[in-house]
Amino acid sequence: MSNNIKNVKWVYTDDKGSFEWKNPHTLNQLYFPICNEAGIMGSVTPTLHGDATTGQHSFLRLPLVMTDLYNTRSARNFWVYSDRTGAYSLTGNSAKQLSELFTENEKTDVTIKGTFLAHTLIREDREAGIKSEIISFAPVTDDAVEIMWVKVTNISGEAITLTPTTALPLYGRSADSQRDHNHWTSLAHRIEMNDYGLEVKPAIMHDERGHKPNSTIYFALAIGENKEKPVGQFPTVTEFIGEGGSFEWPRAVVANIPPYQVPPNRRDGMEAIGAMRFEAAVLAPGETRGYILIEGVTQEKSEVLRCLERYGSAEKVAGALEENMNYWKGRVERISFKTGHESFNKWMRWVALQPILRKIYGNSFLPHFDYGRGGRGWRDLWQDCLALLLQSPEEMKDTLTASFGGVRLDGSNATIIEKGLGRFAADRNKISRVWMDHGIWPYYTTRLYADQTGDVEVFFTELPYWKDHQISRAKARDNSWKPADGTQQKTVSGDVYCGSLLEHVLVQHLTCFHNVGDHNNLKLEDADWNDLLDMANEKGETVPFSAFYGWNLITIAQLLLQYKKVKKTETIPLFKELIALTGLNGRVDYNSAADKRKRLEKYFYAVNNGFSGEKTEVEIHLLAADLTEMGNWILKHVRENEWIESKTGYGFFNGYYNNDGNRVDGDHEDCTRMNLTAQTFAIMSGAATDEQIKKAFKAAKAILKDPDTGGFRLTTPLGPNTLNFGRGYAVVYGEKETGGTFNHMVVMFMNGLYKRGYIKEAYEVFKTIYALPNNTEKAGIYPGIPEYISHEGRGMYHYLSGSASWLLMTVLTEMFGFRGECGDLVLAPKLVKEQFDSNGTAAAHAFFLGKRVELVYSNPQGLDYEDYKIAGIKIDGSAISFDTDGGKSAKIPKAALEQLLDGKDSCTVQVVLGK
Ligand code: G1P
């Protein structure tokens, strides 16, 4: 990253995590999210570029990708004209100001301030005598709007006359219209002006598969802080920029043209812009004037002018801003930490914001996005819920349960989760494919929910299964199914079938357990967690996700036994056909890949040809024993068959088999290959022995660490591109999953190390995770954890990354060791000495059994992890007894806690650590 301008580091300005960054405006890829839960999703750069939308088909401003983030047609601008400066942009976006950008004698200081969740651009131009401040935010109301609160101050010694004009280009249509019928769709625009701005309403929703009536209105309004009305406007781009003009040098401003009394051109069917002109204002030295700009998308015409009533004065906009900041502060503080490392405490608040952002934006709609058409991917939804449910357990229950409705009887699932509960789409791009990791997440996430809330019964909620043309894990097509049949699985007699969530979980795991390749690992199918491994769907196998399924099978068995104990029941119902995938009615040799596949084929045949929907009661203890055996079989298989002792002297786990059925990792003629994913899940699942963990960690440090950045890369170079593994080969080494420091996996690696008791190693990994995005000069992003760190050290794909959710969960449940086990509270701190503050304290705020908990660890003797033990626990001042495992962890039973906390909303748990 090259930025030779003055200052390239942000600093925190309060204890909440607000920050300030001087002169970051020459970083092309820097952006901040502006959004609300009413649905506006935008981004803003230090020069106020960045689009905004409420969805794929309703872009307020021109949709953009990263490399045109500096495209002016998606920029907001606020112009003033004065005799002293001529046309002058408060965002710096004028041809004249841009031409001075890289000169030595730049006279402007630019400061960006960021807080939850508002972005402030301050420019102080001593030569022009103008200081301006523009605060951008989206109010926390039901309005899908973005507000800019603009203040301009005369910092010269004499009076200045300023003529303000706003510039808010309105694109007003589907992202698809950018390349398809772009001009045509602008011809369908109808512009309606009012005293404060304009509305654009396309006459139809253009879609050649079937045009639809359009009800979406895009609007821009401007009002003075003292409710001054604009004196006129230039509502079309043609009028505003003029022939030969541009957004950076618009004729209406440059020539200081008064608004037209008689329009020079047609207005309907034109590209629109919110270019509102205010009366010229004389500002005495030191005097400030303020303006409020509101842009948004709505379905209701009455909501447009209602915005002026809500936000249209200095007092009202200040109120909306305060409400916004209180709201977001409350959201990010639900899980928060206080260690001796102040910057870490603040940084974690930005991390805590990220899962909420991905809930709003999905994986799209910020300039770095993976899939740009909206909706949330299956694995991403479930993993974001890990953090969201820790933050708001009760709110998440419905989302979790409803999302199980996307599971098919073949264990695969509809992959896109749309807005609203239980709404799915089979695949974003209408391709029949299966990501083999998808089956692990619903159980993993719902298990966390059950552990933290004690609500084990959630697994016995009944729900339908998903049904469409795709059967047998996308290897066959049900030609008898028509969309009119609906997307809920029916029995042979035509009734919608419902089964428990646990049954859905078993369908997902038992199908995968039997779906193995020639080396008896689970098939890679169309990819696993790593999206780029998508070209090995015949012979490809994935070792790490075999281990993950194995681990889940074991803990599902434990959950079943817990359920049996709590509910005092001996059996659970499962649909009859599923029993054939268990060992309850006969066994197959798990060492035989062919036998497993045959069994799976039989199951597919049974459910595809007259699914009975009949339920059979099965003995819980027998089922649990069977699942445990399957799980252990996988872990042993991985441990014994996928360990590589490389000629480099290092030992590590193999990750994959490619589409030729060949092992991917290990020693090859050209080099030794290794993959972090394989180490992570072998460790986390329990497949790896202690000896293997130590060796794999050593190998990861030696082979995967980027020598320049110090980050753990996801993989070594993949080798010659033989198109037999995945599109990852096509990506240049050092980026994305192909050798980038891919935070999601690094965080999971750290999680696995903590889980297995390798605290020093986990903390060492943590330090790299923290250091890289916080090395602002290189990373070039605001606080938070990006998807990956490039070989150059740049933070890429900021905000919308699954790594945030995993990090929040890992810091709380592993580093702070605050977690549940089916409602029992487990405290197992894994903090190292340097994480305690000068008083020997480390604290966190979280939720447990629905109560707000303040957790305080005191380490008065300043001991390190190996030396401390839990010496005592007090809840709200009363000492309590606990079961302990050699002093390293303590367990407080759910019943005891419930009694203690009866009638309380919150409590303080104090844990003293001593020798
Ligand atoms: C992105 C995708 C995620 C995928 C991962 C690895 O990761 O969103 O679905 O598993 O790449 O291919 P994220 O940044 O969300 O961790």
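Nothing here was measured: the structure is a model prediction, and the numbers come from that model.

**A short note on the site of the ligand**
Taken together, 15 residues are adjacent to the ligand, and Arg358, Asp380, Trp529, Glu737 and His744 come closest. In this structure, Asp531 approaches the ligand through a main-chain N or O atom, which is 3.0 Å from an oxygen atom. In the complex, the protein chains occlude 100% of the 380 Å² of accessible area that the ligand would expose alone. In this structure the site holding the ligand corresponds to the largest cavity. For the shell around the ligand, the class distribution of residues is 3 nonpolar, 5 polar and 7 charged.

**What about the environment of Lys467?**
Secondary-structure assignment places Lys467 in the loop between strand E27 (462-464) and strand E28 (470-471). Classification of Lys467 as buried rests on a relative accessible area of 12%. Separated by 54 residues in the primary sequence, Lys467 and Asn413 place their C-alpha atoms 9.0 Å from one another. Residues contacting Lys467, with those up to four places away along its chain left out, are Asp478, Trp481, Gly486, Thr487, Gln488 and Gln489. A distance of 2.8 Å separates a polar atom in the side chain of Lys467 from a polar atom in the side chain of Asp478.

**Side note on empty space enclosed by the protein**
It is the rolling of a water-molecule-sized probe over the atoms that shows where space remains empty. In this structure the tally under the stated criterion is 10 cavities of 30 Å³ or more. Volume-wise, the largest cavity comes out at about 160 Å³. Taken together, 16 residues make up the lining of the largest cavity; nearest its centre are Asp370, Asp380, Phe742, His744 and Glu787. Here the residues of the lining of the largest cavity are counted per class, giving 4 nonpolar, 5 polar and 7 charged. Looking at the second largest cavity, its volume works out to about 100 Å³. Surrounding the second largest cavity, 17 residues form its lining, Leu533, Asn675, Thr715, Leu718 and Phe725 being those nearest its centre.

**Digging into helix H9 (residues 393-403)**
Of all the residues in H9, the buried ones are Pro393, Met396, Thr399, Leu400, Thr401, Ala402 and Ser403. Against helix H8 (378-391), strand E26 (424-425), helix H10 (440-453), E27, helix H11 (501-514) and strand E44 (841-848) lie the buried residues of H9.

**Brief notes about the layout of surface pockets**
Of the voids in this model, the largest pocket is the one considered here, and its volume is about 1200 Å³. Lining the largest pocket are 44 residues, and of these Gly375, Ile416, Ile417, Glu418 and Lys419 lie nearest its centre. Elements represented by at least two residues in the lining of the largest pocket include exactly helix H7 (342-361), H8, H9, strand E25 (416-417) and E26. Looking at the lining of the largest pocket residue by residue, the classes come out as 17 nonpolar, 16 polar and 11 charged. In this structure, the second largest pocket occupies an estimated 930 Å³ of space. Around the second largest pocket sit 38 residues that line it, and Asp451, Lys755, Arg819, Gly820 and Glu821 are the ones nearest its centre. Listed by contribution, the elements that provide at least two residues to the lining of the second largest pocket are H10, helix H12 (543-567), helix H16 (676-685), helix H18 (743-755), helix H21 (802-815) and strand E42 (818-821).

**With respect to the packing of H10 against H12**
Across the interface, H10 lies against H12 with an axial gap of 10 Å and an inter-helix angle of 45°. By the angle class used here, H10 and H12 are oblique. Note that H10 runs across H12; the crossing there is left-handed. Only Phe545, Phe548, Tyr549, Trp551, Asn552, Thr555, Ile556 and Leu559 of H12 make contact with H10, whose side of the interface consists of Ile440, Trp441, Tyr443, Tyr444 and Arg447. Of the residues belonging to the contact of H10 with H12, the class tally is 10 nonpolar, 2 polar and 1 charged.

**Details of the packing of aromatic side chains**
Enumeration over the complete set of coordinates arrives at 55 aromatic pairs. Between the aromatic rings of Trp441 and Phe545, the centroid separation amounts to 6.5 Å while the plane-to-plane angle is 65°, which identifies the pairing as edge-to-face. Of the two residues, Trp441 sits in helix H10 while Phe545 sits in helix H12, which places them 104 residues apart along the sequence. Look at Trp441 and you get buried, because its relative accessible area is 0%. Judged by relative accessible area, which is 0%, Phe545 ranks as buried. Put simply, the rings of Trp10, Tyr12, Phe19, Trp21, Phe32, Phe116, Trp350 and Tyr782 pair up and form one aromatic cluster. Lying across the ring of Tyr797, Lys736 places its NZ or CZ 3.8 Å from the centre. When the ring centre of Tyr865 is taken as reference, the NZ or CZ atom of Lys888 above it lies at 4.2 Å.

**A closer look at the side chain of Ser313**
Take Ser313: it is sitting in the loop between helix H5 (302-311) and helix H6 (314-332). If we skip the residues at most four places from it in the chain, Ser313 touches Glu225, Lys227 and Ile292.

**Side note on the UniProt feature "domain: Glycosyl hydrolase 94 catalytic" (unreviewed entry) in the protein**
Taken from the UniProt record, the annotation "domain: Glycosyl hydrolase 94 catalytic" (unreviewed entry) applies to residues 629-815. Along residues 629-815 one finds 45% helix and 10% strand; the C-alpha atoms at either end are 31 Å apart.

**Section: the sheet that holds E25**
Pairing is antiparallel in the open sheet, where 3 strands are placed in the order E24-E25-E26. One side of each edge strand has no neighbouring strand; the edge strands of this open sheet are strand E24 (376-377) and E26. In this sheet, E25 lies alongside E24 in antiparallel orientation, the contact comprising 2 bridges. Residue pairing across strands places Gly377 opposite Ile416, the latter belonging to E25.

**Looking at the pattern of salt bridges**
Here the structure, examined in full by the defined rule, presents 58 salt bridges. Arg289 is paired through a salt bridge with Glu287; the nearest N and O atoms lie 3.6 Å apart. For Glu287, a relative accessible area of 27% translates into the label partly exposed. When the shortest N-O distance is used, the salt bridge between Asp380 and Arg358 registers 3.4 Å. Of the two residues, Asp380 is situated in helix H8 and Arg358 in helix H7; the sequence distance between them amounts to 22 residues. A relative accessible area of 8% places Asp380 in the buried class. The class for Arg358 is buried, based on a relative accessible area of 3%. It is possible to trace a salt-bridge network through shared partners that takes in Arg61, Arg76, Glu146 and Glu295.

**Let's talk about the packing of H8 against H9**
For the pair H8 and H9, the least separation of the axes is 8 Å and the interaxial angle reads 160°. Our classification of the angle between H8 and H9 gives roughly antiparallel. For the pair H8 and H9, the crossing hand works out as left-handed. Mapping the contact onto sequence places Trp378, Leu381, Trp382, Cys385, Leu388, Leu389, Leu390 and Gln391 in H8 and Pro393, Met396, Thr399, Leu400 and Ser403 in H9. Residues that form the contact of H8 with H9 fall into these classes: 10 nonpolar, 3 polar and no charged.

**Considering the sheet that holds E42**
The antiparallel open sheet is built from 4 strands, whose spatial order is E42-E43-E49-E48. Both edges of this open sheet fall to E42 and strand E48 (883-884), since each of them pairs with a single strand only. The pairing of E42 with strand E43 (residues 824-827) spans 4 bridges and is classified as antiparallel. Residue Glu821 lies in a different strand from E43, and its bridge partner there is Asp824.

**Comments concerning the confidence of the model for the protein**
Per-residue confidence for the protein averages 95 on the pLDDT scale, and 99% of its residues sit at or above 70. A low-confidence stretch, residues 1-5 (pLDDT under 50), is modelled with 16 contacts involving residues beyond four sequence positions or located in other chains.

**Some remarks on the pairing of E44**
Successive residues of a regular strand alternate their side chains across the two faces of the sheet. Where burial is concerned, most of E44 is hidden: 6 out of the 8 residues are buried. As judged from the 3 bridges shared by strand E23 (residues 336-338) and E44, these two strands associate in the antiparallel manner. Paired with Ser336 across the bridge in E44 is His845. As defined by bridge partners, E44 adjoins strand E45 (residues 851-858) across 8 bridges and the pair is classed as antiparallel. Opposite Ala844, over in E45, you have Leu855 as the bridge partner. Here E44 folds back onto E45 in antiparallel fashion, the turn holding 2 residues, of which Leu849 has a positive phi close to 45°.

About the criteria used
- Residues numbered from 1 in each chain as written.
- Predicted model: local features only at pLDDT ≥ 70, side-chain atom pairs only at ≥ 80, totals over all residues.
- Heavy atoms only, no water.
- Near = heavy atom within 4 Å.
- Polar contact = N/O pair within 3.5 Å; in protein donor to acceptor, adjacent residues only side chain to side chain.
- Areas by Shrake-Rupley, 256 points an atom, 1.4 Å probe, with all protein chains shown as cover.
- 1 Å grid on protein atoms, 1.4 Å probe; cavity = no way out; pocket = protein on both sides within 12 Å on 5 of 7 lines; lining within 4 Å.
- Sits in = over half its atoms within 2 Å of the grid points.
- Nonpolar A, V, L, I, M, F, W, Y, C, P; charged D, E, K, R; others polar.
- Helix = DSSP H or I, 4+ residues; strand = E, 2+ residues; numbered from the N terminus.
- Buried < 20%, exposed > 50% of the residue type's maximum accessible area, 1.4 Å probe, protein only.
- Contact = heavy atoms within 4.5 Å.
- Points joined across faces, edges and corners; volume = space filled by probe spheres on them.
- Axes fitted to C-alpha atoms, helices over the stretch in contact; angles between N-to-C directions.
- Parallel < 35°, antiparallel > 145°, perpendicular 65-115°, else oblique.
- Left-handed = near helix turned anticlockwise from the far one by under 90°.
- Phe/Tyr/Trp six-rings, centres within 6.5 Å; stacked < 30°, edge-to-face > 60°.
- Lys NZ or Arg CZ within 6 Å of the ring centre and 35° of its normal.
- UniProt positions renumbered as here; feature names shortened; annotations may be inferred.
- Pairing = 2+ DSSP bridges.
- Salt bridge = Lys/Arg side-chain N within 4 Å of Asp/Glu carboxyl O.
- pLDDT = per-residue confidence, 0-100.

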